[in-house]
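Here is what each chain is made of, one letter per residue.
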Amino acid sequence: MQIAEKTRREFIKELAISAALVSASSLIPGILFARDQATPTLENIDWKKTPCRFCGVGCGLLVGLQAGKAVAVKGDPNSSVNKGLCCVKGYHSILALYGEDRLTKAQIRKNGKMVEVPISEALDLVALKIKETIKEHGKNAVSIYGSGQWTIPDGYCASKLFKGAIGTNNVEANARLCMASAVTGFLTTFGIDEPMGCYEDIEHSDVFILWGNNMAEMHPVLFSRMLDHRQKNPHVKIIDFATRKTRTSYASDHSIYFVPQTDLAVANAICHEIIAQNRVNQSFVDANCAFKQGKTNIGYGLEDDFKFKDELSDIDFKKYSEYLKDYSAQKVAAYSGVSISDIKLLANYYGDPSKKVTSFWCMGPNQHTRGTWINNLIYNIHLLTGKIATPGNNPFSLTGQPSACGTVREVGTLTHKLPHGVVTNQEDRELAEKIWKLPPGSIDSKPTHHTVSMFRALDRGEIKFMWIQVTNPMVTMPNLKRYRNGALKDGRFIVVSDVYPTPTTEVADVVLPSAMWIEREGFYGNSERRTQHFEKLLDPPGEAMSDTWQLIEIAKRLGYEHLFPWSEKEHIEKIWAEYRLFHDNPKHAMAPYDELKKNPGLQWPFVNGKETKRRFASKSDPACDQSREFDFYGKPDHKAWVIFRPYEPPAESPDKDFPFWLNTGRVIEHWHTGSMTRRIPILHQAMPNSYAEINPEDALELGVKNNDWIKLSSRRGEIRIRASVNGRGIPSKGQVFVPFFDESLLINELTLDAYCPISNQPDYKKCAIKVERV
């Protein structure tokens, strides 16, 4: 299926991509040429496939090469993900290679100033500091903080070096900030991680319910597939369930706005209605579901010494139904802002056996002090109705980085994880030690610090050395002032690997210049379990080096060359072969290197030469017990768990001193902190600065007009920023939305570092602020 050209045109118009974007580029339909190149002829371009690196969807690109440079981009028509379509970031992605301030040489801080040095000297210093720190303070005084932008080999080598060779579990990644709740939600409900469905479910669904998910801007290619599907099938409905009006709202058939945090209550109300209307798929539930309840009043992680361990206990369907009596449509409507009729509408869509329903969510439910809970609750809805693991019936948590799934979730670059399991499991440790050729007992059995805890430990001085690769925490950490000040304290040594100067390189003692994605070989793993190989297409500038090879060079300097015995030419293929040993089973088998090189991506489990599109259904999943229609084999009883989770309030709510909610997020033009996309002139021109969206009624009461300067303040900090009134997005009354891409307007100085006690993922969507006209 090729996405209809009419839909493409309508979607681009719908997203209001400005004339500046088009006039700043030289375009042939479906192809973008880099403006600073002489426009080449199509005959002279050498087209090479690669995945896009600007979100977690995993779109396939064809990059045009000429005279040793990337000169053009088009969507790969052979990619099943995007079918030849790209979003505005994908079409302009190659321009991120050529920013004027690209880091090409290593830097070391000498006498308070950064000085360029040969990269070998910088690597020598990094290795020396690791050795000195371990000798003086112990192995748990060193750490590495990576990213969902790490390639699979990057993350694999980081885990092998730090967890295996050094023996510390101080390994974390920024995906803790964006999808950890998706992981714990999946693990608690299904006992095994990662989405069961695939993007193809879009073309089979009758109803899409978007849980706090502005897909039009955050996942525009998938959203365009939804629009295309609806255009061809007018009965299809898109329901926007959100806290603010966005471009997704305008394109949806119906928008439902809720008070922040009450998505928990609404999800329970939907389940209550499904039961009350006798819409439970009883045969599915009896065969495939068990009922559980967990701890309540579980806290928010605000204390440095906070610890929590959830415990699930058995209940039955009757007890579960009794708990839901507190969540009738009438009761929940009174405090959620969602009408009784809208709660019933959602329940009817989910409960109607003739409709196939896909739920999509991303940061809204995941960046949530009860992020694990709301993931569980969405799964509860699909399990009660049996709308799961079949074409068009799919609860799907999307990711925002190209390898948050492949590198963080699959490789296991979080403190508690290993490539196939967890550090607390002896069998998992023993397998890793065997594959990594380590002495028994090399891997520590205790997790150390999740991301917020790691930066708190850096602030307190328990962690002395931190290596930051492919991420920008001095923009992204919540309650940012504390963690920036902590990184600057005496006795800390910070190494940063990146492609451009950022607020994070400003706190560094060593900066290592990194190669970008098509300047090195690697793999990504996208949201639908699709592993994507990409070749080295260009030479990196100056002494820029891949993050994988930086890690290997440090390993050699630390005396671990025998654990990383690969040549630079063959290391990626050898790493992949070793990594596959961790997943040598039908539940998670990975495709061979040669197969991945030939294809634009293959989904795991890859068994007997075939991809697995949907898990847990015996028709499509070779790991299932074929005597069962469904087999939730991640759980000992082979049943998915319907877990009762109540409504609990957020860590901080508006009051008389700070009467507004603050919500943060992204925009379509920029990716995360903008360290790459703001160096793409076209995208920077289209969205040069951040802004604060204010509800028009609130603006009138405050005497604020569009583009006025205002001051936002919380209990942690303040910024001055321009107001957006009746702009791209419109928050509900009493709410303010600010994008976080602008490093000159650090909105995370205001946010709160409260987190979900199960996933340890911070909540960037809810804290209390004051708004004043300047």
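Residues numbered from 1 in each chain as written. Predicted model: local features only at pLDDT ≥ 70, side-chain atom pairs only at ≥ 80, totals over all residues. Heavy atoms only, no water.

Colleague: Which parts of the structure should I look at to understand the confidence of the model for the chain?
Modeller: Do not read the predicted coordinates in detail wherever pLDDT is low. Put simply, the chain has an average pLDDT of 94, and 95% of its residues get 70 or more. Of the regions scoring below 50 in pLDDT, residues 1–29 engages in 59 contacts with residues more than four places distant in sequence or in other chains. (pLDDT = per-residue confidence, 0-100. Contact = heavy atoms within 4.5 Å.)

Colleague: Before we go on, may I ask you to explain the domain arrangement of the chain in this structure?
Modeller: Many analyses report the size of an interface as the accessible area lost when the parts associate. Once the domains are mapped, the chain shows domain 1 (106–178 + 403–557), domain 2 (188–402) and domain 3 (660–773). Taking both partners together, domain 2 and domain 3 bury about 2800 Å²; carbon and sulfur atoms supply 55% of that area. Summed over the shared surface of domain 2 and domain 3, the number is two salt bridges. Residue R244 pairs with E693 through a salt bridge whose shortest N-O separation is 2.9 Å. In this structure, the connection of domain 2 to domain 3 is made through eleven residue pairs in polar contact (both at pLDDT 80 or more). The set of elements that each furnish at least two residues to the side of domain 2 that touches domain 3 consists of α7 (215–218), β12 (244–245), α9 (247–251), α15 (363–366) and α16 (371–385). Looking at the side of domain 2 that touches domain 3, its residues break down into 15 nonpolar, 14 polar and six charged. (Domains from an automatic or database assignment. Buried area = accessible area lost by both parts, 1.4 Å probe. Salt bridge = Lys/Arg side-chain N within 4 Å of Asp/Glu carboxyl O. Polar contact = N/O pair within 3.5 Å; in protein donor to acceptor, adjacent residues only side chain to side chain. Helix = DSSP H or I, 4+ residues; strand = E, 2+ residues; numbered from the N terminus. Nonpolar A, V, L, I, M, F, W, Y, C, P; charged D, E, K, R; others polar.)

Colleague: Which parts of the structure should I look at to understand the pairing of strand β24 (residues 640–644)?
Modeller: β24 sits mainly inside the fold: five of its five residues count as buried. Burial along β24 is two-sided: the residues A640, V642 and F644 and W641 and I643 are all buried. Of the strand pairs in this sheet, strand β14 (residues 289–293) and β24 are connected by five bridges, and their pairing is parallel. Looking at β24, one finds that K292 is bridged to I643. (Buried < 20%, exposed > 50% of the residue type's maximum accessible area, 1.4 Å probe, protein only. Pairing = 2+ DSSP bridges.)

Colleague: Help me out: how do you make sense of the sheet that holds strand β28 (residues 718–725) in this one?
Modeller: By definition, the strands of a sheet pair up through backbone hydrogen bonds, in either a parallel or an antiparallel sense. Here we have six strands rolled up into a closed barrel, ordered β25-β30-β26-β28-β27-β31, and mixed in their pairing. Pairwise comparison of adjacent strand axes, ignoring direction, gives a mean angle of 45 degrees for this sheet. Bridge analysis of strand β27 (residues 709–713) against β28 gives five bridges, and the strand direction is antiparallel. Along β28, the bridge assignment pairs S713 with E718. (Axes fitted to C-alpha atoms, helices over the stretch in contact; angles between N-to-C directions.)

Colleague: Can you walk me through the nonpolar core in this structure?
Modeller: Nonpolar side chains in soluble globular proteins generally cluster together in the buried interior. Counting 63 residues, the largest nonpolar core has F223, M226 and F360 as its most contacted members. Sort the elements by how many residues they give to this core and helix α8 (residues 220–232) lands first, with five residues. Setting aside its immediate chain neighbours within four residues, M226 contacts I202, F208, L210, M215, I238 and F360. If you look at the next biggest cluster of nonpolar residues, it comprises 62 residues, including A265, V332, V642 and C756. (Core = buried A, V, L, I, M, F, W, Y, C linked by side-chain atoms within 4.5 Å.)

Colleague: Please clarify how the packing of helix α4 (residues 119–137) against helix α22 (residues 547–557) should be interpreted in this entry.
Modeller: Two numbers describe a pair of packed helices, the interaxial angle and the distance between the axes. Interhelical geometry of α4 versus α22 gives an angle of 60 degrees and a closest axis separation of 9 Å. Comparing their axes, α22 and α4 come out oblique. When the axes of α4 and α22 are compared, the crossing they make is right-handed. Mapping the contact onto sequence places S120, L123, D124, V126, A127, I130 and K131 in α4 and Q550, E553, I554 and R557 in α22. A breakdown of the residues in the contact of α4 with α22 according to their chemical character gives five nonpolar, two polar and four charged. (Parallel < 35°, antiparallel > 145°, perpendicular 65-115°, else oblique. Left-handed = near helix turned anticlockwise from the far one by under 90°.)

Colleague: In this structure, what is going on with the pairing of strand β21 (residues 522–525)? I would like to understand it.
Modeller: For a regular strand, the rule is simple: side chains alternate between the two faces of the sheet. The two faces of β21 match: G522 and Y524 on one face and F523 and G525 on the other face are all buried. What sits between the antiparallel neighbours β21 and strand β22 (residues 530–534) is a turn of four residues, in which R529 has the positive phi angle 65 degrees.

Colleague: What am I meant to see in the packing of aromatic side chains here?
Modeller: The description of an aromatic ring pair uses the distance of the two centres, along with the angle that the planes make with each other. Taken as a whole, this structure holds 35 aromatic pairs when the rule is applied. Summarising the aromatic geometry, the rings of F54 and W671 are spaced 5.6 Å apart at their centres and angled 80 degrees between planes, so their arrangement reads as edge-to-face. Remark: W671 occurs in the loop between β25 (660–665) and α25 (681–686) and F54 occurs in the loop between β3 (46–51) and β4 (60–66); sequence separation between them is 617 residues. In this structure W671 comes out as buried when scored by relative accessible area, which is 4%. Across from the ring centre of F54, 5.9 Å away, lies the NZ or CZ of R53, which sits over that ring. The residue whose ring lies beneath K635 is W641, and the NZ or CZ to ring-centre distance is 3.4 Å. (Phe/Tyr/Trp six-rings, centres within 6.5 Å; stacked < 30°, edge-to-face > 60°. Lys NZ or Arg CZ within 6 Å of the ring centre and 35° of its normal.)

Colleague: What should I look at first to understand the pattern of salt bridges in this one?
Modeller: Between side chains of opposite charge, a pair can form as their charged atoms come close. According to the stated counting rule, one finds 49 salt bridges in the structure shown. The partner of E652 in a salt bridge is R716, and the shortest N-O contact between them spans 2.9 Å. One end of the pair, E652, is in the loop between β24 and β25; the other, R716, is in the loop between β27 and β28, and 64 residues separate them in sequence. A relative accessible area of 15% places R716 in the buried class. A salt bridge links K656 to D657, with the nearest nitrogen and oxygen atoms 3.5 Å apart. K656 gets classed as exposed once you look at its relative accessible area, which sits at 74%. Beyond isolated ion pairs, a larger network of salt bridges with shared partners links D304, R456, D459, R460, E462, R482, K489 and D753.

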